[in-house]
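Structure at a glance
These are the residues of each chain, in order.
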Amino acid sequence: MSDGTIGKGTVHVVDDEDAIRRSLDFLLRSVGYAVQRWSDGHTFLKDADRSVRACVLLDVRMPGIDGLEVLERMTGEGLDFPVVMLTGHGDIALAVRAMKMGALDFLEKPFDRERLLESVSHGFRRLSDREAQLERAEWARAQLGKLTEREREVLDGLACGYPNKTIAYDLGISPRTVEVYRANVMVKLEVGNFPDALRIAFAAGLGSEPDWRTNHEGPKSGPR
């Protein structure tokens, strides 16, 4: 671990790869953040200072306690920090699971510098504006008003973590049509990446697997 004292805010970098820790340390310090580096989740959970305003960059796949378990245990350990998940093995199901557990964003290695810094900045904005967070559900529901019923259904299925084939089967449409609806959702919600669409879906209350099973039991006819 290494400490920093720059006043912009502290970022905890939790990753078992030393090269990644060093690279992120250099990038974050270059724009004014203090950085603390951790090579494993157990040490981070045990020794991180709960009293210092911070954001966390957390690797998913680490030996011992993996990133998802760290994320799950953070609240119980008194670490109420925004978390950006990092992975070199990303897939939709993993992204959905991490964000359902409260992750702020999900970034794949190698990182886009500007997107990573924006995610960290977003984390600190969230810490600074809890009131805006309370209004987010209403905003997200308004965003979903831009979608057709079928587009909302496809987004709901994606938020449940289902692959295109499963959504297609349950809605009675083709996998290719699911892809078209997904592209429409991204355009209408004005988002450039899938995690942003997931954030809106979760804030609006989508992504409940029990609700999906209740409403979509097998193939149904409908617009294709």
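Along each chain, numbering runs from 1 in the same order as the chain's sequence is written. For a predicted model such as this one, the threshold for reporting local features is a pLDDT of at least 70, and the threshold for listing and counting side-chain atom pairs is 80 or more; totals across whole chains, interfaces and linings nevertheless cover every residue. By convention in this description, side-chain values take in all heavy atoms of the structure and omit both hydrogens and water.

Focus: the confidence of the model for the protein chain
Selection rule: One number per residue, pLDDT, summarises how confident the predictor is, and it ranges from 0 to 100. Whether two residues touch is decided by their heavy atoms; if any such pair falls within 4.5 Å, the residues are in contact.
Of all residues in the protein chain, 89% attain a pLDDT of 70 or more, and the chain-wide mean is 87. Here residues 1-6 scores under 50 on pLDDT; set against residues more than four positions off or in separate chains, the count is 19 contacts.

Examining helix H9 (residues 164-171)
Let me state the cut-off plainly: For the exposure calls, accessible area comes from a 1.4 Å probe over protein chains only, and a residue counts as buried if that area is under 20% of its type's maximum, exposed if over 50%, partly exposed in between. Secondary structure counts use DSSP, requiring at least four H or I residues in a row for a helix and at least two E residues in a row for a strand, with both numbered from the N terminus.
For H9, the set of buried residues is Ile167, Ala168, Asp170 and Leu171. On its buried face, H9 is in contact with helix H8 (149-159), helix H10 (175-188) and helix H12 (209-215).

As for the pattern of salt bridges
How we decide: We count a salt bridge whenever a side-chain nitrogen from Lys or Arg sits within 4 Å of a carboxyl oxygen from Asp or Glu.
According to the stated counting rule, one finds 20 salt bridges in the structure shown. Salt-bridge contacts for Lys109 lead to Asp15; the nearest nitrogen and oxygen are separated by 3.0 Å. Of this pair, Lys109 sits in the loop between strand E5 (105-108) and helix H5 (113-128) while Asp15 sits in the loop between strand E1 (10-14) and helix H1 (18-30), placing them 94 residues apart in sequence. You'll find Lys109 and Asp15 in the same group, each marked buried. Of the charged contacts in the structure, one is a salt bridge between Glu179 and Arg176, with a shortest N-O distance of 3.1 Å. Remark: Arg176 and Glu179 occur in helix H10; sequence separation between them is 3 residues, near one turn of the helix. Here Arg176 falls in the exposed class, since its relative accessible area comes to 55%. Several salt bridges share partner residues, and in doing so they unite Asp15, Glu17, Asp59 and Lys109 into one network.

Section: the pairing of E1
Heads up, the condition is: A pair of strands is labelled paired if DSSP reports no fewer than 2 bridges between them. The definition of a right-handed crossover adopted here requires that, viewed with the strands pointing away, the path from the first strand over the helix to the second runs clockwise.
The element E1 is extensively covered by neighbouring structure, given that 5 of its 5 residues are classed as buried. By the alternation rule, side chains of E1 split into Thr10, His12 and Val14 and Val11 and Val13, which are all buried. Two elements, E1 and strand E2 (residues 34-38), share 5 bridges in a ladder whose sense is parallel. Bridged to Thr10 within E2 is Ala34. Considered for its hand, the β-α-β crossover made up of E1, H1 and E2 is right-handed. Here 5 bridges tie E1 to strand E3 (residues 54-59), and the two strands are oriented parallel to one another. Counted as the bridge partner of Val13 is Leu57 from E3.

Considerations on the side chain of Asp156
The line we're drawing: Positive charges come from Lys and Arg alone, negative charges from Asp and Glu alone, with His and the N- and C-terminal ends not counted. Polar contact criterion, stated in full: a pair of N or O atoms within 3.5 Å, where within protein one must be able to donate a hydrogen and the other to accept it, and residues adjacent in sequence count only if both atoms are side-chain atoms.
Examined against the element boundaries, Asp156 turns out to sit in helix H8. Look at Asp156: it is buried, it has no salt bridge, and the nearest opposite charge is Lys100 at 7.7 Å. A distance of 2.9 Å separates a polar side-chain atom of Asp156 from the backbone nitrogen of Gly207. Apart from residues no more than four positions distant in its own chain, Asp156 is found in contact with Leu206, Gly207, Ser208 and Trp212.

A few points about the sheet that holds E2
To be explicit about the condition: Inter-axis angles, ranging from 0 to 180 degrees, are taken between N-to-C directions of lines fitted to C-alpha atoms, where helices are fitted over the stretch in contact.
Taken in spatial order, the 5 strands line up as E2-E1-E3-E4-E5 in an open sheet, and their pairing is parallel. Of all strands in the sheet, those bounded by a partner on one side alone are E2 and E5. Put simply, the sheet's adjacent strands are angled 20° from each other on average, direction ignored. Looking at chain direction, E3 and strand E4 (residues 83-87) are connected through 4 bridges and run parallel. Of the residues in E4, the one forming a bridge with Leu58 is Met85. Strand contacts of H1: E1, E2, E3 and E4, with the helix running at about 170° to E2, the strand carrying the most contacts.

A look at the packing of helix H7 (residues 136-144) against helix H11 (residues 194-203)
Geometrically, a packed helix pair is captured by the angle between its two axes and the distance between the axes. Selection criterion: For classification purposes, angles smaller than 35 degrees are called roughly parallel, those larger than 145 roughly antiparallel, those between 65 and 115 roughly perpendicular, and all remaining angles oblique. In this scheme the crossing of two helices becomes right-handed for a clockwise turn of the near helix relative to the far one and left-handed for an anticlockwise turn of less than a right angle. As a working rule, the residues Ala, Val, Leu, Ile, Met, Phe, Trp, Tyr, Cys and Pro are called nonpolar, Asp, Glu, Lys and Arg charged, and the rest polar, with Gly in that last group.
Following both chains from N to C, one finds H7 and H11 inclined at 110°, their axes separated by 8 Å at the closest point. With respect to each other, H7 and H11 are oriented roughly perpendicular. Every pair of crossing elements has a handedness; the one defined by H7 and H11 is left-handed. When H7 is examined against H11, the residues Arg136, Ala137, Trp139, Ala140, Gln143 and Leu144 are found in contact with a partner set consisting of Arg199, Ile200 and Ala203. Taken together, the residues of the contact of H7 with H11 break down into 6 nonpolar, 1 polar and 2 charged.

What about H5?
The α-helix winds at 3.6 residues per turn, so residues separated by three or four positions along the chain end up facing the same way. Our working definition: By this rule, a helix spans an expected 1.5 Å times one less than how many residues it contains.
The end-to-end C-alpha distance of H5 is 23 Å, a good match for the 22 Å that 16 residues give at a rise of 1.5 Å each. Taken together, the buried positions of H5 are occupied by Leu116, Leu117, Ser119, Val120, Gly123, Phe124, Arg126 and Leu127.

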